[in-house]
Amino acid sequence: MDGREQLKNKRRIVIKIGSSSLTIRESGHLDLRKIEKLVRVICQLRGEGKDVVLVSSGAIAVGRQALGVEQKPEKTSEKQALAAVGQARLMMTYQRLFAEYNQTAAQVLLTKYSILDGLSRLNAKNTFEELLKLGVVPVVNENDTVATHEIEFGDNDRLSAIVAGLVGADLLILLSDIDGLYTDDPNQNQEAMLIQIVSEITEDLLAMGKESSGSSLGTGGMQAKLMAARMATDAGADMVIANGADVENIYRIMEGEPCGTLFLAHKNKNFDLYRYVERY
């Protein structure tokens, strides 16, 4: 057993999908066909009795689409304005699609302060627990409209690892625009090989985490994903990086098939979510 077989038994799953996986490459518009498939997969997992939290990027991209902004914004005020428009539209899309499968979605917007402040962190954890108890799918994003620091330096790879630690997830799935962790950037080196399983995140491995996403939509490269893996595995969750071009990769992961790169959990008895968020 290489560690993948145990993925079948995971009960609380955090799924993160990036902007580049949610949008049509040529136009930057929402890929409604893919989002509908993603919702269907999540509802299937819910039907199997699993708790699922979705961390979804895309607010700024949707805002760009709604307002006809072609260039990726650079100014914080522009990003915040686009996020304000886009987050509402994105959530409306999710709620309509989940409702088609008789499933309820809830919006949860977080900032770094939500985790660093003890009372806010407890309130956030309790809210997640209550939503999951009620059978609701929380849809999480950073509160880009007010969180200046998060817009400039944050990304939803780290956010998803934070959420996994907060809710006590046993599996984190990062759907990205790459098949997993490679020995080198596959866009630059045709001999780069996909790493199937990572049992320990070493400093040498972190040094391999070059920015590997060529999308104008996303913010997180491989370095961010490796930092997310360190946080998630220390919190006690396995993590898989897989290609979001086919959201049914989630099924393959849950069935123990060799899909993406699996990072094995090694729960750190001294794990402290506050320290990780403060440090990273």
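Cut-off values and rules
- Residues numbered from 1 in each chain as written.
- Predicted model: local features only at pLDDT ≥ 70, side-chain atom pairs only at ≥ 80, totals over all residues.
- Heavy atoms only, no water.
- Pairing = 2+ DSSP bridges.
- Helix = DSSP H or I, 4+ residues; strand = E, 2+ residues; numbered from the N terminus.
- Contact = heavy atoms within 4.5 Å.
- Axes fitted to C-alpha atoms, helices over the stretch in contact; angles between N-to-C directions.
- Core = buried A, V, L, I, M, F, W, Y, C linked by side-chain atoms within 4.5 Å.
- Buried < 20%, exposed > 50% of the residue type's maximum accessible area, 1.4 Å probe, protein only.
- Polar contact = N/O pair within 3.5 Å; in protein donor to acceptor, adjacent residues only side chain to side chain.
- Expected span 1.5 Å × (residues − 1).
- Bend = angle between axes of the 7 residues up to and from the residue.
- Phe/Tyr/Trp six-rings, centres within 6.5 Å; stacked < 30°, edge-to-face > 60°.

Student: Is there a simple way to explain the sheet that holds strand E7 (residues 238–243) in this structure?
Tutor: Neighbouring strands of a sheet are bound in pairs by backbone hydrogen bonds; such pairs are parallel or else antiparallel. Strand order across the open sheet formed by eight strands is E3-E4-E2-E1-E5-E7-E8-E6, with mixed pairing between neighbours. Where the open sheet ends on each side, the last strands, each with one partner, are strand E3 (105–110) and strand E6 (197–198). Two elements, strand E2 (residues 51–56) and strand E4 (residues 137–142), share two bridges in a ladder whose sense is parallel. The residue bridging valine 55 from the neighbouring strand is valine 140, located in E4. The strands touched by helix H4 (residues 76–100) are strand E1 (12–17), E2, E3 and E4; relative to E3, the strand with the most contacts, the crossing angle is about 150 degrees. Packed onto the sheet, helix H10 (residues 222–235) meets strand E5 (171–176), E7 and strand E8 (261–263) and runs at close to 155 degrees relative to E7.

Student: Looking at this structure, I do not really get the nonpolar core. What am I missing?
Tutor: Among soluble globular proteins, nonpolar side chains are generally buried collectively. Judged by nonpolar contacts, the single largest core of 45 residues is most densely connected at Val14, Phe128, Val140, Val163, Met239 and Phe263. Residues Val39, Ile42, Met254 and Leu262 belong to the second largest nonpolar core, which totals 35 residues.

Student: For this particular structure, what's the right way to read the side chain of arginine 4?
Tutor: Examined against the element boundaries, arginine 4 turns out to sit in the segment before E1. Within the structure, the side chain of arginine 4 is placed 2.9 Å from the backbone oxygen of glutamine 196, a separation counted as a polar contact. Excluding residues that lie within four positions of it along the chain, arginine 4 makes contacts with Gln196, Gly256, Glu257, Pro258, Cys259, Gly260, Thr261 and Leu262.

Student: I would appreciate a short explanation of H4 in the present structure.
Tutor: A turn of α-helix holds 3.6 residues, and therefore any two residues three or four places apart point the same way. Compared with an ideal rise of 1.5 Å per residue, which puts 25 residues at 36 Å, H4 spans 36 Å between its outermost C-alpha atoms and is within 8% of the ideal. Of all the bends found along H4, the most pronounced is centred on glycine 86 and spans about 25 degrees. The first or second residue beyond H4 is asparagine 102, which carries a positive phi of 60 degrees.

Student: So what exactly am I meant to see when it comes to the packing of aromatic side chains here?
Tutor: To describe a pair of aromatic rings, one takes the distance between the centres and the angle between the planes. By the definition in use, this model includes two aromatic pairs. Where phenylalanine 271 meets tyrosine 276, the ring centres are 5.0 Å apart and the plane angle is 35 degrees; that geometry is what we call tilted.

Student: What is the right way to look at the pairing of E7 in this model?
Tutor: Side-chain direction in a regular strand flips from residue to residue, so the side chains alternate between the two faces of the sheet. A large share of E7 lies buried, amounting to six of its six residues. Pairing of E7 with E8, which is carried by three bridges, proceeds in the antiparallel orientation. The residue bridging isoleucine 241 from the neighbouring strand is threonine 261, located in E8.

Geometric descriptors of this kind do not, in isolation, establish any biological role.
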